[in-house]
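Observations on the three-dimensional arrangement
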Amino acid sequence: MADSFVVHGRDGGGPFLLVSDHAGQAIPPDLAGLGLSEAERARHIGWDIGIDGMGRALAELLPAVLIEQIYSRLVIDCNRAPGHPTSIVRVSDETPVPGNHDLSDQQVAWRQQVILHPYHARIARALDERQAQNRPTVLVALHSFTPSMRGKARPWQAGILHNRDSRLAQIMLDLLRAEGLTVGDNEPYALTDTSDYTVPLHAEKRGLPYLEIEIRQDLIATPAGQAEWAQRLARLLPAAWQQFCHVYGEQP
Ligand SMILES: [Zn+2]
């Protein structure tokens, strides 16, 4: 099988490395669509709707490198530690996933080895290279969230998730709110060691500043919406970094 990730954009010398854990919809042919209809696979349970187009546009505008997972989160969730109870979900938002039931250890290990590990190894390599050059680095994890969950509408247009290091998150929250947006502070999800994998593994362990950004899916469902959010973030991310350096000093 080919690589489980694609690399977009280019290194423009700035501090940002962009990653998208849930940008893809692919399912390995042998898994027969996990027993789901195309319509179910296209729902938010399969991927972060709109984040592929938004992330690629953002990578072009900054410019920055974007590492994107191409496989559906239903095959294996790349923002969960291997072996986590929701790494390979049996039910997602009330939809049973038949292809994820009764998996052997071997089947689980294959998904980890072919999809999860190569993606994270590629991110680690990009960070190693930057660290070897002593370059300041900000990991930016891009996600999108469904506008309503279990019948409950979500009021936020975007969310900033953070855990131990909230410095850059706080600056970005303020900048987004100054645009007149309703922005969740650790909403619709809070960043934790167990509910997340990418930021704890790659940013917090290395002591790198980071942002985990969630955008509501209806706002980036079209190319126009994706371009609008990419332009907003291409403006605000460098502004946030400038403020961060001013307050805390530039850190590799
Ligand atoms: Zn996501």
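See the structure shown above.
To keep things clear, this report deals only with the structure shown in the data block. Quick caveat: nothing in here was measured; it's all calculated off a predicted structure. (Residues numbered from 1 in each chain as written. Predicted model: local features only at pLDDT ≥ 70, side-chain atom pairs only at ≥ 80, totals over all residues.)

**Quick word on the overall build of the protein chain**
Stated formally: Per the convention used, a helix needs a DSSP run of H or I reaching at least four residues, while a strand needs a run of E reaching at least two, with both numbered from the N terminus. Exposure criterion: with C-beta atoms placed from backbone coordinates, a residue whose C-beta has 20 or more other C-beta atoms within 10 Å is buried, one with 12 or fewer is exposed, and one in between is partly exposed. In this description, any two residues whose backbone-derived C-beta atoms lie within 7 Å of each other are considered to be in contact.
Secondary structure summary: the protein chain contains 6 helices and 11 strands in total. Along the first, second and third principal axes, the C-alpha atoms of the protein chain reach 55 × 40 × 30 Å. Per-residue burial for the protein chain yields a buried fraction of 40% across its 252 residues. Sequence-distant contacts, at least 24 apart, represent 82% of the contacts inside the protein chain between residues at least 6 apart.

**A few points about the nonpolar core**
Just so we agree on the cut-off: When buried Ala, Val, Leu, Ile, Met, Phe, Trp, Tyr and Cys residues are joined through C-beta atoms within 7 Å, the set is termed a nonpolar core.
By size, the foremost hydrophobic cluster in this structure holds 60 residues, and its most contacted members are Leu18, Leu139 and Val140. In terms of residue count, the dominant contributor to this core is helix 6 (residues 223-248) (7 residues). Every residue in contact with Val140, bar those within four places of it in the chain, is listed here: Phe16, Leu17, Leu18, Leu211, Ile213 and Leu237.

**Focus on the packing of helix 4 (residues 167-177) against helix 6**
Filter applied, for reference: A fitted line through C-alpha atoms serves as each axis, taken over the contacting stretch for helices, and the angle formed by two N-to-C directions is quoted from 0 to 180°. Reported orientations rely on four angle classes, namely roughly parallel under 35 degrees, roughly antiparallel over 145, roughly perpendicular from 65 to 115, and oblique for the rest. It is the rotation of the near helix from the far one that decides the hand of a crossing: anticlockwise by less than a right angle makes it left-handed, clockwise makes it right-handed. Lys, Arg, Asp and Glu make up the charged group, whereas Ala, Val, Leu, Ile, Met, Phe, Trp, Tyr, Cys and Pro make up the nonpolar group; the residues left over, Gly among them, are polar.
The contact between helix 4 and helix 6 brings their axes to 9 Å, and the two run at 130 degrees. When the axis of helix 4 is compared with that of helix 6, the two are oblique. In the crossing of helix 4 with helix 6, the sense of the turn from one axis to the other is right-handed. Residues Arg167, Leu168, Ile171, Met172, Leu175 and Leu176 of helix 4 pack against Leu236, Ala239, Ala240, Gln243, Phe244 and Tyr248 of helix 6. Looking at side-chain class alone, the contact of helix 4 with helix 6 contains 10 nonpolar, 1 polar and 1 charged residues.

**Some words on unusual backbone geometry**
Pro63 follows Leu62 through a cis peptide bond whose omega is -20 degrees. That bond from Glu187 to Pro188 is cis: its omega, 0 degrees, falls within 30 degrees of zero. Mapped onto the elements of the fold, Pro188 is located in the loop between strand 10 (183-185) and helix 5 (198-204). Although it is not a glycine, Ala32 sits at a positive phi angle of roughly 50 degrees. By secondary structure assignment, the location of Ala32 is in the loop between strand 2 (16-20) and helix 1 (38-42). Judged by local crowding, Ala32 falls into the exposed class, with 11 C-beta atoms found within 10 Å. In the Ramachandran plot, Asp102 falls in the positive-phi region, its phi being about 55 degrees despite a non-glycine side chain.

**Quick look at the sheet that holds strand 9 (residues 158-161)**
Rules: Strands are labelled as partners when DSSP assigns at least two bridges between them.
The strand order across the open sheet formed by 7 strands is 1-3-2-6-11-9-10, and the pairing between neighbours is mixed. Both outer strands of the open sheet, strand 1 (5-9) and strand 10, are each paired with one neighbouring strand and no more. Taking each pair of neighbouring strands and ignoring which way they run, the sheet shows an average axis angle of 25 degrees. Sheet topology places strand 6 (residues 138-145) next to strand 11 (residues 210-216); 7 bridges connect them, and they run parallel. Directly across from Ala141, in strand 11, lies its bridge partner Glu212.

**Observations concerning the packing of helix 2 (residues 51-61) against helix 6**
Contact geometry of helix 2 with helix 6 gives a least axis separation of 8 Å together with a crossing angle of 40 degrees. Classified by the angle between their axes, helix 2 and helix 6 sit oblique to one another. Remark: the crossing between helix 2 and helix 6 carries right-handed chirality. Two secondary-structure elements touch here, helix 2 through Gly53, Met54, Ala57, Leu58 and Leu61 and helix 6 through Pro223, Gln226, Ala227, Trp229, Ala230, Gln231, Leu233 and Ala234. For the contact of helix 2 with helix 6, the class distribution of residues is 10 nonpolar, 3 polar and no charged.

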